[in-house]
Amino acid sequence: IYDRALTQSELTALYFAATGGGLKMTGLNITWNLGTLVESATVNGPWTPVSGATSPYPVSPTAPMKFYRLVYP
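The written sequence of each chain sets the order in which its residues are numbered from 1. Residues qualify for local features only when their pLDDT is at least 70, as the model is predicted, and side-chain atom pairs are given and counted only at 80 or more; totals for whole chains, interfaces and linings, by contrast, use all residues. By convention in this description, side-chain values take in all heavy atoms of the structure and omit both hydrogens and water.

Engineer: For this particular structure, what's the right way to read the sheet that holds strand β3 (residues 48-49)?
Structural biologist: Think of a sheet as strands paired side by side through backbone hydrogen bonds, with each pair either parallel or antiparallel. When DSSP finds two or more bridges between two strands, those strands count as paired. A helix here means a DSSP run of H or I that spans at least four residues, while a strand means a run of E at least two residues long, and both kinds are numbered starting from the N terminus. The strand order across the open sheet formed by three strands is β3-β2-β5, and the pairing between neighbours is antiparallel. The sheet is open, and its two borders are formed by β3 and β5 (67-71), each paired with just one other strand. Here strand β2 (residues 36-40) runs beside β5; their pairing, made up of five bridges, is antiparallel. Looking at the pairing, Thr-36 lines up with Val-71 of β5.

Engineer: Can you help me understand the environment of Pro-61 in this one?
Structural biologist: As for its position among the elements, Pro-61 is in the loop between β4 (57-59) and β5. Measuring from C-alpha to C-alpha, the distance between Pro-61 and Pro-46 comes to 22 Å, with 15 residues separating the pair along the chain.

Engineer: Even after reading the chapter, I still don't get the environment of Thr-54, so can you show me in this structure?
Structural biologist: Mapped onto the elements of the fold, Thr-54 is located in the loop between β3 and β4. Classification of Thr-54 by relative accessible area gives exposed; the value is 54%. For Thr-54 and Leu-37, which are 17 residues apart along the polypeptide, the C-alpha to C-alpha distance reads 8.3 Å. For the exposure calls, accessible area comes from a 1.4 Å probe over protein chains only, and a residue counts as buried if that area is under 20% of its type's maximum, exposed if over 50%, partly exposed in between.

Following this line, the structure appears as structure tokens:
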């Protein structure tokens, strides 16, 4: 989820990274203003808080696959 419109080059990079088209992502930063970042290995959970996570939270493209969401108090 992005809080802004992506540029054409960002969209192209995401497309090629997802389809194996030659461009490589060097990382992803998750940013948020409110709430607690939680993660899970599956989309249905269980969800656990990401220990020590602050915005922006960097995610390496070589890290194990995880799903992220925000929980609001």
